[in-house]
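Given next are the chains, with one letter for each unit.
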Amino acid sequence: MLIIDSKDCENIDKALKKYKKKFEKARILLQLRTRQSFTKPSVKRRNEVLKAVYKQQLASGKFDA
């Protein structure tokens, strides 16, 4: 649960902007998307390895991004 401290004289738009920024930083939407379906640990590991290989190839210059 996100709590925003707002002052009495603070504009509602500013408070909403603070809430949106805090919401993005907390990565709540990302967590909800990942929890919608179960992914097996082996699939997670495979995806992590593929990401690492891709990043390694980008760093070495094999791919043109």
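These numbers come from a predicted model, not from an experiment.

Draft legend 1. Spotlight on the overall build of the chain. Scanning the chain from N- to C-terminus turns up 3 helices and 0 strands. What you see in the chain, going N to C, is helices and strands ordered as α-α-α. On C-alpha atoms alone, the chain measures out to a radius of gyration of 19 Å, which is more than a quarter above the 11 Å that the 2.2 N^0.38 rule sets for 65 residues. Along the longest, intermediate and shortest principal axes, the C-alpha atoms of the chain span 55 × 30 × 15 Å. The burial tally for the chain puts 2% of its 65 residues in the buried class. As displayed, the chain offers around 6700 Å² of accessible surface, 55% of which is attributable to carbon and sulfur atoms. Each charge class in the chain can be summarised by its mean position, and for the 18 positive and 7 negative side chains these summaries are 10 Å apart.

Draft legend 2. Region of the structure containing helix 3 (residues 41-60). Here helix 3 is 20 residues long and its end C-alpha atoms lie 29 Å apart, about the 28 Å a rise of 1.5 Å per residue gives. One or two positions beyond helix 3, positive phi appears at G61, with a value near 95°.

Thresholds, definitions, all that
Residues numbered from 1 in each chain as written. Predicted model: local features only at pLDDT ≥ 70, side-chain atom pairs only at ≥ 80, totals over all residues. Heavy atoms only, no water. Helix = DSSP H or I, 4+ residues; strand = E, 2+ residues; numbered from the N terminus. Rg over C-alpha atoms; globule rule 2.2 N^0.38 Å. Buried < 20%, exposed > 50% of the residue type's maximum accessible area, 1.4 Å probe, protein only. Areas by Shrake-Rupley, 256 points an atom, 1.4 Å probe, with all protein chains shown as cover. Lys, Arg positive; Asp, Glu negative; His and termini not counted. Charge placed at Lys NZ, Arg CZ, Asp CG, Glu CD. Expected span 1.5 Å × (residues − 1).

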